[in-house]
Amino acid sequence: MVQVKKEMDDRVFEEGEQVALELGIHGMHPEIIRLLGRLRYRTSYGQNVLYHSREVAYLAGIMAREVGADVNVCKRGGLLHDVGKSRRQEHIRCGVEMTTELLRRFD
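Residues numbered from 1 in each chain as written. Predicted model: local features only at pLDDT ≥ 70, side-chain atom pairs only at ≥ 80, totals over all residues. Heavy atoms only, no water.

A. Molecular detail of the nonpolar core. With 18 residues, the main nonpolar core has Leu23, Met28, Ile32, Leu36 and Leu79 as its most contacted residues. Mapped by element, the contributors of at least two residues to this core are α1 (2–23), α2 (30–38), α3 (49–67) and α4 (71–80). With four residues, the single largest contributor to this core is α2. In this structure, Leu36 is in contact with Gly16, Met28, Leu50, Leu79, Leu80 and Val83, ignoring residues within four places of it in sequence. (Core = buried A, V, L, I, M, F, W, Y, C linked by side-chain atoms within 4.5 Å. Buried < 20%, exposed > 50% of the residue type's maximum accessible area, 1.4 Å probe, protein only. Helix = DSSP H or I, 4+ residues; strand = E, 2+ residues; numbered from the N terminus. Contact = heavy atoms within 4.5 Å.)

Quick look at the structure:
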């Protein structure tokens with residue numbers, strides 16, 4: 001059982017790391033990477049939350065480029081906008097509040 005948990009934890013981290021690297025986003029706290037990886041196993045309105053967040057990051061980067069904004073900051077914001085949804089459903093607060101709390105905690 002311990003081995004399975006470790007393998008799953010490793011896979012979750014790799015999922016988050018892969019998406020961040022694919023988007024060219026570096027320097028994120030390992031706990032944020034892990035929470036991103038957990039999004040791979042969450043859905044919202046029938047859509048995989050990690051894939052949704054990746055697409056939002058791509059679109060945010062495109063829009064940033066068009067208007068002259070910081071592409072990296074906008075992509076990071078797009079990727080992280082739903083990270084609060086990685087938490088267990090027992091949390092009553094909305095996703096925005098949870099996301100804000102998590103990102104502040106890990107700077």
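Alright, that's what it looks like, and here's the rest.
B. Spatial organisation of the packing of aromatic side chains. Taken as a whole and assessed by the stated rule, the structure comprises zero aromatic pairs. Across the ring face of Tyr41, the terminal group of Arg40 is positioned such that the distance to the ring centre comes to 5.5 Å. (Phe/Tyr/Trp six-rings, centres within 6.5 Å; stacked < 30°, edge-to-face > 60°. Lys NZ or Arg CZ within 6 Å of the ring centre and 35° of its normal.)

C. Geometry of α3. Taking 1.5 Å per residue as the helical rise, α3 with its 19 residues ought to reach 27 Å, and the 27 Å between its terminal C-alpha atoms agrees with that figure. Among all positions in α3, only Val49, Leu50, Ser53, Arg54, Ala57, Ala60, Gly61 and Ala64 are buried. Projected down its long axis, α3 carries its buried residues within an arc of 140°, all on one side. In α3, the exposed positions that point more than 90 degrees away from the buried face belong to Met63 and Glu66. Looking at the packing, one finds that the buried side of α3 touches α1, α2, β1 (43–44), β2 (47–48) and α4. If you check the start of α3, you find a side-chain oxygen 3.0 Å away from the backbone N of Leu50, and it comes from Asn48. Where α3 ends, the next residue or the one after it, Gly68, has phi of about 85°, a positive value. (Expected span 1.5 Å × (residues − 1). Arc of directions from axis to C-beta. Polar contact = N/O pair within 3.5 Å; in protein donor to acceptor, adjacent residues only side chain to side chain.)

D. How the structure looks around the environment of Gly37. In this fold, Gly37 is placed in helix α2. Judged by its relative accessible area of 0%, Gly37 is buried. Taking the C-alpha atoms as reference points, Gly37 and Ser53, separated by 16 residues in sequence, lie 11 Å from one another. Gly37 has contacts with Val12, Glu15 and Gly16, leaving out every residue within four places of it along the chain.

E. Spotlight on the packing of α1 against α2. Between α1 and α2, the least distance of the axes is 7 Å, while the angle of their chain directions is 100°. Between α1 and α2, the interaxial angle falls into the category roughly perpendicular. Where α1 abuts α2, its residues Val12, Phe13, Glu15, Gly16, Glu17 and Ala20 lie against Pro30, Ile33, Arg34, Leu36, Gly37 and Arg38. Classifying every residue of the contact of α1 with α2 gives six nonpolar, two polar and four charged. (Axes fitted to C-alpha atoms, helices over the stretch in contact; angles between N-to-C directions. Parallel < 35°, antiparallel > 145°, perpendicular 65-115°, else oblique. Nonpolar A, V, L, I, M, F, W, Y, C, P; charged D, E, K, R; others polar.)

F. Expanded view of unusual backbone geometry. For Tyr45, which is not a glycine, the phi torsion comes out positive at approximately 55°. Residue placement: Tyr45 occurs in the loop between β1 and β2.

G. Up close: α1. For α1, which comprises 22 residues, the first-to-last C-alpha distance of 32 Å matches the rise-based estimate of 32 Å (1.5 Å per residue) to within 8%. Listed in full, the buried residues belonging to α1 are Val12, Glu15, Gly16, Val19, Ala20 and Leu23. Taken down its axis, α1 places every buried residue within 125° of arc, on the same side. Of the residues in α1, the exposed ones pointing more than 90 degrees away from the buried face are Val2, Gln18 and Leu21. Those residues of α1 hidden inside the fold are in contact with α2, α3 and α4.

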